[in-house]
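The primary structure of each chain is shown beneath.
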Amino acid sequence: MDFWELFLRETLQNSWDAATGDQPVHFCVDGWRLTAAQLQNLRLLLPGADLDSPDVRVLTVTDTGTRGLGGPTRADRVGEDDPRDFVDLIRNVGRHPDKGFAGGTYGYGKAVLFEASTIGTVVIFTRVRTTRGVQCRLIGMSLTDPYRGERRQYTGRHWWGVPDSAVGVEPVTGPTAERMAQALGLTRLTEDGTGTSIMVIAPRTEHERLAEVIAVMADTATRYAWANVVAQGHHGPGLRLQFTSDSSRIDLPDPETDARLRYFVEAHRYCRAVFQGAAETHPWPWTVQEIVGSRPEQRLGVLAWRTYRAAASGNHARPPAEIALLRRPGLVVEYRTVTADPFGHAISGVFIADPELDEDFARAEPPTHDKWQPRLAQRQRYARNPVSQALQRIDRIFKERRVGNAAAPTTEAVTGVSRLANVLGTLLDTQAGGTDSRIPVGPANVMPHPPSSATGAPAAPAGTPSPGTGGNGQRPPGQGQRPRSTRGLTLSFHPRARPALLADGGRAVEFDIDLTGNPDTPLTLTAQPLVAVADGPPEPADETTPVEVLHWRDRNSGALTPGPRLTLTTETSDHWTVTLTQPADAAVTVRVSQEEVGPR
């Protein structure tokens, strides 16, 4: 993610988490070059800071309709039910897990503030409501590298404010804080409102102009916060955005009419209606459905989506097929790409995680909150993972839809296209010609496949599950094949698997099996997919991690036998490959069993 996208997402999440709930949150980003008077006032506030340049630009993030940075100003003071917002941002480093899982779960909002400044310095002005009325606080803070001076070690954290013998510096408060904020240009906070304004000194724009940086953030805010920007039922919008550069306002699109967002907005409303128990039906071509997990059976969330004719986007560009993933804070976590529409239409939709499972989905997010990674949400061994189930069920809906509606190309067509691609590969400078499992292999074009796993990585060491081990995942290092005798017939599983790309763009994995000898009676081989699990032997694939045996392929003739079963006779080829679908987040292997074919 671009740094300024990350900066916007983190600061916006923190502001949204601080909402008072009785009025909309106003989130404003402003950038400008300090006037000579503002720069002089800043130097008076921050003596010793690196402010020698006459050309200093600043970037401010302001939220109103929020509670501000309340609570004690000293980290060692504890009060009953007192908020800790001020000390969490200004005094403390890190975040205790007991803080829970709101939008800013990991406290990255603080880190990006200092990272955004070339001198690691910010000025913070906040207005909070206390038992004694409204109070203003203003303080400067730097976060730099540790250093040593005069035989003392310093942490690299600096504060500017009112000198204090106990803690070093306390914030400026009262009318003085108000006047200083106005003198610096921090004018977004009105006298009767609470909230926070943070000024990033000398933002790092590298080769970009500050105006371009603000434009990127404006686009990011629209793309990820539209669910809170639009009205919800009888309630007005919960979030209002404003971006300016040198006092020039940047226009933001209306999500409800924007060509890129309007279908997501509509899908979001259908999902919310389901959570609210509304009985209204959804019109064609919308599909709205609850996503249900197993063991235990529970609602994981609600999915709403539709197809539509996409605008032209180039001869080789696929129409978008995206599902916006959201949970309780209302910000889009990720736009997840799903299997493309078989008729060439675009797909837009929304999935909202069930509020009862918000903690599970929050655990699945990395510090940047831009993805759901199911392994992060795994709470105990062998327990069903609701995040993994939700993503797999969403993916399966669109994959099965394509398989059920799109006619597969004929073998002759696939082979012809693959041969052409194979020949064209030799025309690339310094590249050897490729191979494709769909090309019938003859003596003239046999090409050994380099050993690799399904992901292209080296094979796993002995004792770990790896494709092609015959199911138990055990093999002494360096052993090439694992023979297995079957009544006059010996089966040899090759130790490595090959990745393959299906005609619909899906991923598959291939396992080679060689036969030696002839069976005494006709036999049927059955391939059973297995999925690697942590701290245990591979388990049979099930609905939570679906793996399908697509076909057996005769490596001599190229003939395909669909499905998991292959009948062997005395006329059967000795060289076969079994092809399975490859999930995006699991390692697969295969177990082959055999049975005699009885008389008919």
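Residues numbered from 1 in each chain as written. Predicted model: local features only at pLDDT ≥ 70, side-chain atom pairs only at ≥ 80, totals over all residues. Heavy atoms only, no water.

### Things to note about the overall build of the chain
Phase 1: Looking only at helices and strands, one finds 10 helices and 28 strands in the chain.
Phase 2: For the chain, with 600 residues in total, the buried portion stands at 45%.
Phase 3: Long-range pairs, those at least 24 residues apart, make up 67% of the contacts in the chain between residues at least 6 apart in sequence. (Helix = DSSP H or I, 4+ residues; strand = E, 2+ residues; numbered from the N terminus. Buried < 20%, exposed > 50% of the residue type's maximum accessible area, 1.4 Å probe, protein only. Contact = heavy atoms within 4.5 Å.)

### As for the confidence of the model for the chain
Phase 1: With 78% of its residues at a pLDDT of at least 70, the chain reaches an overall mean of 80.
Phase 2: The model gives residues 99–107 a pLDDT under 50, and that stretch makes 29 contacts with residues more than four places away or in other chains.
Phase 3: Overall, residues 408–482 carries pLDDT values under 50, and its contacts beyond four positions in sequence, including any with other chains, amount to 101 contacts. (pLDDT = per-residue confidence, 0-100.)

### Re helix α1 (residues 3–17)
Phase 1: For α1, with 15 residues, the first-to-last C-alpha span of 21 Å sits near the 21 Å given by 1.5 Å per residue.
Phase 2: The element α1 is largely enclosed, with a buried count of 11 among its 15 residues.
Phase 3: Taken together, the buried positions of α1 are occupied by Phe 3, Trp 4, Leu 6, Phe 7, Leu 8, Arg 9, Glu 10, Thr 11, Leu 12, Gln 13 and Ser 15.
Phase 4: The N-capping residue of α1, defined by a side-chain oxygen 2.9 Å from the backbone nitrogen of Trp 4, is Asp 2. (Expected span 1.5 Å × (residues − 1). Polar contact = N/O pair within 3.5 Å; in protein donor to acceptor, adjacent residues only side chain to side chain.)

### Topic: the packing of helix α2 (residues 36–45) against helix α5 (residues 174–184)
Phase 1: Two elements in contact, α2 and α5, have axes separated by 8 Å at closest approach and are oriented at 135°. With respect to α5, the element α2 is oriented oblique. Taking contact as the criterion, the partners of Gln 38, Asn 41, Leu 42 and Leu 45 in α2 are, on α5, Met 180, Ala 183 and Leu 184. (Axes fitted to C-alpha atoms, helices over the stretch in contact; angles between N-to-C directions. Parallel < 35°, antiparallel > 145°, perpendicular 65-115°, else oblique.)

### Brief notes about the environment of Ser 573
Phase 1: Here Ser 573 is to be found in the loop between β26 (565–568) and β27 (575–581).
Phase 2: Judged by its relative accessible area of 12%, Ser 573 falls in the buried class.
Phase 3: Every residue in contact with Ser 573, bar those within four places of it in the chain, is listed here: Leu 515, Asp 554 and Asn 556.
Phase 4: Polar contacts involving the side chain of Ser 573 include one to the side chain of Asp 554, which spans 3.0 Å.
Phase 5: Within polar-contact distance, the side chain of Ser 573 engages the side chain of Asn 556 at 3.0 Å.

### Here's the deal with the environment of Glu 178
Phase 1: Here Glu 178 shows up in helix α5.
Phase 2: A C-alpha to C-alpha distance of 8.2 Å links Glu 178 and Arg 137, two positions 41 residues apart in sequence.
Phase 3: If we skip the residues at most four places from it in the chain, Glu 178 touches Phe 125, Arg 127 and Cys 136.

### Remarks on the sheet that holds strand β16 (residues 321–326)
Phase 1: Pairing is mixed across the open sheet formed by five strands, whose spatial order is β14-β15-β18-β16-β17. Only two strands of the sheet have a single partner each, and these edge strands are β14 (287–293) and β17 (332–337). Between one strand and the next, the sheet's axes are offset by a mean angle of 20°, whatever the strand orientation.
Phase 2: Here strand β15 (residues 298–308) runs beside strand β18 (residues 346–353); their pairing, made up of eight bridges, is antiparallel. (Pairing = 2+ DSSP bridges.)

### Here we look at the nonpolar core
Burial of nonpolar side chains together is a common tendency in soluble globular proteins.
Phase 1: Core analysis: the biggest nonpolar cluster contains 37 residues, and Phe 7, Phe 27, Leu 59, Met 217 and Phe 243 have the highest contact counts within it.
Phase 2: Residue contributions to this core peak at seven residues, all from helix α6 (residues 210–229).
Phase 3: Once you skip the residues sitting within four places of it in the chain, Phe 7 turns out to touch Leu 59, Val 61, Val 112, Leu 113, Ala 116, Val 200 and Met 217. (Core = buried A, V, L, I, M, F, W, Y, C linked by side-chain atoms within 4.5 Å.)

### Here's the deal with the packing of aromatic side chains
Phase 1: This model, assessed by the stated rule, comprises 13 aromatic pairs.
Phase 2: On the numbers, 5.0 Å between centres and 80° between planes, the contact of Phe 3 with Trp 4 is edge-to-face. For the pair Phe 3 and Trp 4, one class covers both residues: buried.
Phase 3: Centre to centre, the rings of Phe 264 and Tyr 335 are 5.2 Å apart; their planes meet at 75°, and the pair counts as edge-to-face. Residue Phe 264 is located in helix α7 (residues 262–275), and its partner Tyr 335 is located in strand β17; the two are separated by 71 residues in the primary sequence. For the residue pair Phe 264 and Tyr 335, the accessibility class agrees, reading buried in each case. (Phe/Tyr/Trp six-rings, centres within 6.5 Å; stacked < 30°, edge-to-face > 60°.)

### Quick notes on the pairing of β14
Phase 1: Pairing of β14 with β15 involves seven bridges; the strand directions are antiparallel. Considered in β15, the bridge of Gln 289 is made with Leu 303.
Phase 2: Here β14 folds back onto β15, and the loop between the two strands holds four residues, one of which, Arg 295, carries a positive phi near 45°.

### Looking at the environment of Leu 89
Phase 1: With respect to the helices, strands and loops of the structure, Leu 89 is situated in helix α3 (residues 85–91).
Phase 2: In the structure, Leu 89 is positioned 20 residues away from Leu 69 in sequence and 8.2 Å away in space, judged by C-alpha atoms.
Phase 3: In this view, Leu 89 contacts Leu 69, Lys 110, Leu 113, Ile 124, Met 141 and Ile 198; residues no more than four positions away in its chain are not counted.

### A few points about unusual backbone geometry
Phase 1: Cis geometry is found at the peptide bond from Trp 284 to Pro 285, where omega equals 10°.
Phase 2: The phi angle at Glu 150 is positive, at roughly 50°, despite the residue not being glycine.
Phase 3: Take Glu 150: its relative accessible area is 76%, and that puts it in the exposed class.

### Some thoughts on α6
Phase 1: Over its 20 residues, α6 extends only 25 Å from the first C-alpha to the last, a length that falls short of the 28 Å expected when each residue adds 1.5 Å.
Phase 2: The axis of α6 is deflected most strongly, by about 50°, at Arg 223.
Phase 3: In terms of burial, α6 is a largely internal element, 14 of the 20 residues being buried. (Bend = angle between axes of the 7 residues up to and from the residue.)

### With respect to the pattern of salt bridges
Phase 1: Enumeration over the complete set of coordinates arrives at 25 salt bridges.
Phase 2: With a closest N to O distance of 2.6 Å, Arg 127 and Glu 178 form a salt bridge. Here the residue Arg 127 occupies a position in strand β3 (residues 121–130), and Glu 178 occupies one in helix α5, the gap between them amounting to 51 residues. With respect to class, Arg 127 is no different from Glu 178; both count as buried.
Phase 3: Among the ionic pairs, Glu 334 bridges to Lys 371, the shortest N-O distance being 3.4 Å. On the criterion of sequence distance, the pair formed by Glu 334 in strand β17 and Lys 371 in the loop between α8 (358–363) and α9 (386–405) is long-range, its members being 37 residues apart.
Phase 4: The partly exposed category is assigned to Lys 371, whose relative accessible area is 36%.
Phase 5: One network of salt bridges, with partners in common, ties together Arg 498, Glu 510, Asp 512, Asp 514 and Arg 555. (Salt bridge = Lys/Arg side-chain N within 4 Å of Asp/Glu carboxyl O.)

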